[in-house]
Amino acid sequence: MAGPEGGRSSEESLYPIAVLIDELRNEDMQLRLNSLRKLSTIALALGVERTRSELIPFLTESIYDEDEVLLALAEQLGQFTALVGGPEYVHVLLAPLESLATVEETVVRDKAVESLRHLATLHSTTDLETYFVPLIKRIARGDWFTSRTSACGLFAVCYPRVSPAIKTELRTLFKELCQDDTPMVRRAAASKLGEFAQVVEYEHVKDELIPMFTHLANDEQDSVRLLAVDACVMITSLLSQRSKDDVAQLTLPTLKQAAEDRSWRVRYMVADKFTELQKALGPELTESELVGPFCALLKDNEAEVRAAASGKVKDFCNNLKPETRESIIMNKILPNVKELIQDPSQHVKSALAGVIMGLSPILGKNNTIEHLLPLFLLQLKDEYPEVRLNIISNLDQVNEVIGINQLSQSLLPAIVELAEDSKWRVRLAIIEYMPLLAGQLGSEFFDEKLNYLCMTWLVDHVFAIREAATTNLQKLVEKFGADWAKNTVIPKVTGMSRDLNYLHRMTCLFSIGLLAEVCGSDITTEQMLPTVLTLANDNVANVRFNVAKTLAKIHQHLEPRVVKSQVIPTLEKLKEDKDFDVRYFAAEALELIQAK
């Protein structure tokens, strides 16, 4: 008996590997992918010893597949520590990940590097030097650029925990990668240089890493130089914690050179990272060294660069020294801002409009009224909706500085002018901003200055405006509450039911349909339902069938007894109407209500 049982047990223990091999060789990629996602289950069935001795070697040998399968494998292996016996045996996972870190597909390599970085933290110091560092050396000197690219991401995770001799080797190896013949490798080195600098000793940063940085910042490929800007931020921040003199001597010249680079992509990266660089340099060096380059970026030939720099205007000004801030803004920054207001690129104007209001608290009331308000007015009338939206979205910042009265005298007339513009698309844009404006101005001020506009839009000759105006009313009630609606909006809406123009009576019904959702049962029953029921007798069929549609919409906001006693009888009557459309929509509304 024992023999057959032992044989069966042996067969059963081989079964998971056999199934995996079978599935990984299947022609159907989805099946191969599904089998890899079950790897942890198979490893559990095998136990830690057989996972180490059989499963991992098998996976290492079978890394020739579609990218999706390899990506799943790279991700799974990063979570395999417990399944191979814990941190003590984590090094056995390096072999398959090393192979994955050298494949052609970038996302697979990146996922393999991510898993390797995680596993590096689980290695003991001895294992790190015995297994992980040799892996870095192998792939850093691999024949294919793909492996050398992956190596760049592994230095920082193991450097702090290895011996001084190995640290020297790693720095030398990283220098080789910075000087690699292949631009892709130099790019990878540039992208990881800042991270590596964070863990390298300060004297070696100055003596060895700064020359690497300078070399990359002067690379013939702009794709390498722009990544060196990122490294510049991290290295400058590191140096500034120790010595401002080191910053001025070691990274500042390279930074200023990058701000004038022949490639717009490098200048764009400088503009994009400008406030981070500014913080790293500190207020003193910013004032003496960065104001000029920043103004040059604001005047750059390329719109993308100007847009990136424009978006940093507020933060740049905020980070200046308080005692000289106003003078620098008024004399250096503002003249450039005035030119950018009229920029031919909508992206530049939009980026500027998103931040320019933030200058008000910095410059104070008088400067805002004299210098900034004229600029805001120009932007409010800009042809691009995003520019206008960015100004209206940030009115509260100006309101806090100059007060609501000054705001109403200067900017609101421009808003009113746009709201009454002859081009309906301009009117439509202002309607969409109105709830935002209402939230910033408050109900009292809104009622006094802008409420009449909202009511005027309800009777506009363009349907798109009337439709947007009803949605606008709903959003205003959401902001100001049902009581505001009861006193301010609903009397005017229900009054439209007596308008001679049947289109306005229909707008009344559309408004009620939306307002019922935010006003609640009592207001809907007492103030709006009677109007809808009255319009059921309208002499225009289009109005009558919209009564049926409105009742179908608002019945859920009414008490069941009201629906039974008032809504259903009205719909029953409309169901007998002489007009086919009225009968159709009344029957549909009845069916909907009765189903509930």
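Quantities reported herein were computed from a predicted structural model and do not represent experimental measurements.

Student: Quick rundown of the overall build of the chain? Include the residues and the values.
Tutor: Tallying secondary structure elements over the chain gives 38 helices and 0 strands in all. On C-alpha atoms alone, the chain measures out to a radius of gyration of 35 Å, which is more than a quarter above the 25 Å that the 2.2 N^0.38 rule sets for 596 residues. Reported as C-alpha extents along the three principal axes, the dimensions of the chain are approximately 90 × 90 × 35 Å. Counting only residues that meet the buried cut, the chain has 53% of its 596 residues in that class. A fraction of 68% describes how many contacts in the chain between residues 6 or more apart in sequence connect residues 24 or more apart. In the structure as shown, the chain presents an accessible area of about 27200 Å², 49% of it carried by carbon and sulfur atoms. The positive charge centre, built from 64 side chains, and the negative charge centre, built from 84, are 4 Å apart in the chain.

Student: Explain helix 18 (residues 274-281) to me, using residue names and the numbers behind them.
Tutor: One turn of an α-helix holds 3.6 residues; hence residues three or four places apart share an orientation. With respect to burial, helix 18 is a largely interior element, 6 of its 8 residues being buried. Along helix 18, the positions that sit buried rather than exposed are Phe-274, Thr-275, Leu-277, Gln-278, Ala-280 and Leu-281. Among the structural elements, helix 14 (222-240), helix 15 (244-250), helix 16 (252-259), helix 17 (264-272), helix 19 (283-298) and helix 21 (313-318) are those in contact with the buried residues of helix 18.

Student: A description of the pattern of salt bridges should follow, citing residues and the corresponding values.
Tutor: Per the stated rule, a full pass over the model turns up 20 salt bridges. With a closest N to O distance of 2.8 Å, Asp-261 and Arg-225 form a salt bridge. In this pair, Asp-261 sits in the loop between helix 16 and helix 17 while Arg-225 sits in helix 14, placing the two residues 36 residues apart along the sequence. For Asp-261, a relative accessible area of 9% gives the class buried. When its relative accessible area of 5% is taken as the criterion, Arg-225 is described as buried. Across the pair Asp-577 and Arg-544 runs a salt bridge whose closest N-O atoms are separated by 2.8 Å. Within this pair, whereas Asp-577 is found in the loop between helix 37 (560-574) and helix 38 (580-595), its partner Arg-544 is found in helix 36 (residues 541-554), the two being separated by 33 residues in sequence.

Student: Quick rundown of the nonpolar core? Include the residues and the values.
Tutor: Residues Phe-132, Val-313, Ile-333, Ile-356 and Trp-457 are the most contacted members of the largest nonpolar core, which totals 208 residues. The dominant element in this core, judged by the number of residues it contributes, is helix 14, at 11 residues. Not counting residues up to four positions away in its chain, the partners in contact with Trp-457 are Ala-419, Ile-430, Ile-431, Met-434, Ile-465, Arg-466, Ala-469 and Asn-472.

Student: Tell me what's going on with the packing of helix 33 (residues 482-495) against helix 35 (residues 521-535), and back it up with residues and numbers.
Tutor: Two numbers describe a pair of packed helices, the interaxial angle and the distance between the axes. As a packed pair, helix 33 and helix 35 sit with axes 11 Å apart at the nearest point and diverge in direction by 5°. If you check the angle between helix 33 and helix 35, you find them roughly parallel. Each of Ala-482, Lys-486, Ile-490 and Thr-494 in helix 33 lies in contact with helix 35, whose residues at this interface are Ile-523, Gln-527, Met-528 and Thr-531. The residue inventory of the contact of helix 33 with helix 35, partitioned by class, reads 4 nonpolar, 3 polar and 1 charged.

Student: Outline the packing of aromatic side chains, listing residues and values.
Tutor: According to the stated counting rule, one finds 12 aromatic pairs in the structure shown. Taking 5.1 Å as the distance between ring centres and 45° as the angle between the ring planes, the aromatic pair formed by Phe-274 and Phe-294 counts as tilted. Here Phe-274 is found in helix 18, whereas its partner Phe-294 is found in helix 19, with 20 residues between them in sequence. For Phe-274, a relative accessible area of 2% gives the class buried. These aromatic residues form a ring-pair network of at least three members: Phe-155, Tyr-159, Phe-174 and Phe-196. When the ring centre of Tyr-89 is taken as origin, the NZ or CZ atom of Arg-52, which lies over that ring, is 3.7 Å away.

Student: Before we move on, could you go through empty space enclosed by the protein and cite the residues and values that matter?
Tutor: One pass over the structure, following the stated rule, counts 1 cavity of 30 Å³ or more. By volume, the largest cavity is sized at about 60 Å³. Residue lining of the largest cavity: Phe-213, Ala-217, Arg-225, Ala-228, Val-229, Cys-232, Thr-254, Leu-255, Ala-258 and Val-266, and that is the complete set. Looking at the lining of the largest cavity, the elements that each hand over two or more residues are helix 13 (202-217), helix 14 and helix 16. Examining the composition of the lining of the largest cavity, we find that 4 residues originate from one element, helix 14, more than from any other. By residue class, the composition of the lining of the largest cavity is 8 nonpolar, 1 polar and 1 charged.

Student: Please give an account of the environment of Val-401 that cites residues and values.
Tutor: Mapping Val-401 onto the fold places it in helix 26 (residues 395-402). Separated by 38 residues in the primary sequence, Val-401 and Leu-363 place their C-alpha atoms 9.3 Å from one another.

Student: I'd like to hear about the packing of helix 17 against helix 20 (residues 303-310), residue by residue, with values.
Tutor: Relative orientation of the contacting elements helix 17 and helix 20 amounts to 5°, with a least axis distance of 8 Å. Taken together, helix 17 and helix 20 sit at an angle that is classed as roughly parallel. Counted together, Trp-264, Arg-267, Tyr-268, Ala-271 and Asp-272 of helix 17 and Glu-304, Val-305, Ala-308 and Ala-309 of helix 20 form the full contact between these two elements. Among the residues making up the contact of helix 17 with helix 20, the classes are represented as 6 nonpolar, no polar and 3 charged.

Student: Go over the side chain of Arg-186 with me, naming the residues and quoting the values.
Tutor: Relative to the helices and strands, Arg-186 is located in helix 12 (residues 183-199). The class of Arg-186 is buried, set by a relative accessible area of 6%. Of note is the side chain of Arg-186, whose polar atom sits 3.2 Å from the backbone oxygen of Asp-181.

Student: Please provide a residue-by-residue account of helix 24 (residues 359-380), values included.
Tutor: With 22 residues, helix 24 should cover 32 Å at 1.5 Å per step; its first-to-last C-alpha distance of 17 Å lies more than 12% under that length. For helix 24, the principal kink sits at Lys-365 and spans about 105°.

Student: Break down a negative patch on the surface for me, citing the residues and quoting the values.
Tutor: Side chains of Glu-66, Asp-67, Glu-68, Glu-104 and Glu-105 sit close together on the surface and give a patch of like negative charge. Within the secondary structure layout, Asp-67 lies in helix 5 (residues 67-77).

Student: Which residues make up the environment of Asp-421, and what values go with them?
Tutor: By secondary structure assignment, the location of Asp-421 is in the loop between helix 28 (412-419) and helix 29 (424-441). Here the alpha-carbon distance between Asp-421 and Leu-320, two residues 101 residues apart in the chain, equals 41 Å. Contact partners of Asp-421, with chain neighbours within four places excluded, come to Val-426 and Arg-427.

Student: A description of the confidence of the model for the chain should follow, citing residues and the corresponding values.
Tutor: For the chain, the average pLDDT comes to 85, and 95% of its residues sit at 70 or higher. Mean pLDDT across the secondary structure elements of the chain bottoms out at helix 1 (residues 2-24), with 53, and peaks at helix 20, with 94.

Criteria and cut-off values
- Residues numbered from 1 in each chain as written.
- Predicted model: local features only at pLDDT ≥ 70, side-chain atom pairs only at ≥ 80, totals over all residues.
- Heavy atoms only, no water.
- Helix = DSSP H or I, 4+ residues; strand = E, 2+ residues; numbered from the N terminus.
- Rg over C-alpha atoms; globule rule 2.2 N^0.38 Å.
- Buried < 20%, exposed > 50% of the residue type's maximum accessible area, 1.4 Å probe, protein only.
- Contact = heavy atoms within 4.5 Å.
- Areas by Shrake-Rupley, 256 points an atom, 1.4 Å probe, with all protein chains shown as cover.
- Lys, Arg positive; Asp, Glu negative; His and termini not counted.
- Charge placed at Lys NZ, Arg CZ, Asp CG, Glu CD.
- Salt bridge = Lys/Arg side-chain N within 4 Å of Asp/Glu carboxyl O.
- Core = buried A, V, L, I, M, F, W, Y, C linked by side-chain atoms within 4.5 Å.
- Axes fitted to C-alpha atoms, helices over the stretch in contact; angles between N-to-C directions.
- Parallel < 35°, antiparallel > 145°, perpendicular 65-115°, else oblique.
- Nonpolar A, V, L, I, M, F, W, Y, C, P; charged D, E, K, R; others polar.
- Phe/Tyr/Trp six-rings, centres within 6.5 Å; stacked < 30°, edge-to-face > 60°.
- Lys NZ or Arg CZ within 6 Å of the ring centre and 35° of its normal.
- 1 Å grid on protein atoms, 1.4 Å probe; cavity = no way out; pocket = protein on both sides within 12 Å on 5 of 7 lines; lining within 4 Å.
- Points joined across faces, edges and corners; volume = space filled by probe spheres on them.
- Polar contact = N/O pair within 3.5 Å; in protein donor to acceptor, adjacent residues only side chain to side chain.
- Expected span 1.5 Å × (residues − 1).
- Bend = angle between axes of the 7 residues up to and from the residue.
- Patch = residues over 30% accessible without salt bridge, like charges linked within 9 Å, V, L, I, M, F, W, Y side chains within 5 Å.
- pLDDT = per-residue confidence, 0-100.

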